[in-house]
Each structure stands twice: as C-alpha cells, then as structure tokens.
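# Coordinate analysis (summary)
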Amino acid sequence: MKKVIYEHRQGSGITLENENESDFIEKKSIVLHGEVLDPDDYSSLDGYFERRLRYAGHLKNEDQTVICFFAGTVEGISYYYCLFWLNENRIGTKYSEGSFRDFIFHNGRWK
C-alpha cells in the first residue's frame, strides 16, 4: 500500500499494486448525513465525486477514521480516494502535505 496525494488538487488516497484490498481496508459501514453507507455500495457522496464510486470501507490502523472509495484499476494498480470522516456531516481530504480541507454537508451538498 502506498499513500498518495493526487495531482491537480484531486485529494488524497492509496494505491495497491498486487495487494489485497482486505489487507488494508476493513469492510465497515459509515453514517453520512443520516444515511448509512455500506461496503460495496456505490455513491457519488451527493455530488462530491463526479461519478459513483464503490465504498470499500475504513482504512485499517489509522488514528482517525479514514473512509476509502475504489476509483478503478490501471495497469495492475488499484486507486482509492480516501477521506477523513470527522462526523456524519463533516469530511476532509489532503491536497498537499501539511494542508487539509474539510467539507460540511449543508443544504444537500458538501461545501
């Protein structure tokens, strides 16, 4: 597993190369703005992502709750977007080392 910050302010995540998702991600449900998101559900997080991604679960062995969404596989490398879950109405991501941006769910959108 490699932790990454995607170019062009696309946020942070992980990549897996010839590794099992279950070794790093625990299939665990999460509550976001009153709705339960179960592992293997597809969601755009109410427009946060441009398309629906598969919710994989929580990143294992982290001090904070980090939720991961499978974005796809290219040339044997699996890409995941990861968000910090702060509470059911607040999530965040890193755009660069030392920076953090949080989003609050308000009026049906993440702002």
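See the structure shown above.
An account of the accompanying structure is given in this report. All figures in this text were calculated on a predicted structure; none of them were measured in a lab.

## Observations regarding the pairing of strand β7 (residues 53-59)
Of all seven residues in β7, seven are buried, a share of seventy percent or more. The sheet contact formed by strand β3 (residues 25-26) and β7 spans two bridges and is antiparallel. Of the residues in β7, the one forming a bridge with I25 is L59. Pairing of strand β6 (residues 42-43) with β7 involves two bridges; the strand directions are antiparallel. Considered in β7, the bridge of Y42 is made with R54.

## Some thoughts on the nonpolar core
With 16 residues, the main nonpolar core has L32, L45 and F69 as its most contacted residues. For this core, the secondary structure elements donating two or more residues are β4 (30-32), β7, β8 (66-74) and β11 (101-106). For this core, the element with the highest residue contribution is β8, accounting for three residues. If we skip the residues at most four places from it in the chain, F69 touches L37, L45, F49, L53, R54, Y55, A56, Y79, Y80, Y81 and L83. Within the second largest apolar cluster, ten residues are counted, among which are I14, I25, A56 and L59.

## Here we look at the pattern of salt bridges
All chains considered together, the criterion is met by seven salt bridges. Across the pair K27 and D40 runs a salt bridge whose closest N-O atoms are separated by 3.1 Å. Of this pair, K27 sits in the loop between β3 and β4 while D40 sits in the loop between β5 (35-37) and β6, and the two are 13 residues apart along the sequence. Residue classification places K27 among the partly exposed residues on the basis of a relative accessible area of 48%. Take D40: its relative accessible area is 38%, and that puts it in the partly exposed class. Each member of the salt-bridge network shares a partner with another, and the members are E21, K27, D40 and R54.

## Some details on the side chain of R54
Within the secondary structure layout, R54 lies in strand β7. Among the polar contacts listed, one links the side chain of R54 to the side chain of E21, at a separation of 2.8 Å.

## Description of the environment of F105
Counting through the fold element by element, F105 comes out in strand β11. The buried category is assigned to F105, whose relative accessible area is 18%. The spacing of F105 and D46 is 59 residues in sequence and 9.3 Å in space, taken between C-alpha atoms. Not counting residues up to four positions away in its chain, the partners in contact with F105 are H33, D46, N89 and W110.

## Some thoughts on the packing of aromatic side chains
A full pass over the atoms with the stated rule returns ten aromatic pairs. Aromatic side chains Y48 and F49 sit 5.1 Å apart centroid to centroid with 85° between the ring planes, which places their arrangement in the edge-to-face category. Ring geometry for F84 versus F100: centroids 5.6 Å apart, planes at 65°, classification edge-to-face. Of this pair, F84 sits in strand β9 (residues 77-87) while F100 sits in the loop between β10 (90-93) and β11, placing them 16 residues apart in sequence. We classify F84 as buried; its relative accessible area is 17%. Over the ring of F103 we find R101; its NZ or CZ atom is 4.1 Å from the centre of that ring.

What counts as what
Residues numbered from 1 in each chain as written. Predicted model: local features only at pLDDT ≥ 70, side-chain atom pairs only at ≥ 80, totals over all residues. Heavy atoms only, no water. Buried < 20%, exposed > 50% of the residue type's maximum accessible area, 1.4 Å probe, protein only. Helix = DSSP H or I, 4+ residues; strand = E, 2+ residues; numbered from the N terminus. Pairing = 2+ DSSP bridges. Core = buried A, V, L, I, M, F, W, Y, C linked by side-chain atoms within 4.5 Å. Contact = heavy atoms within 4.5 Å. Salt bridge = Lys/Arg side-chain N within 4 Å of Asp/Glu carboxyl O. Polar contact = N/O pair within 3.5 Å; in protein donor to acceptor, adjacent residues only side chain to side chain. Phe/Tyr/Trp six-rings, centres within 6.5 Å; stacked < 30°, edge-to-face > 60°. Lys NZ or Arg CZ within 6 Å of the ring centre and 35° of its normal.

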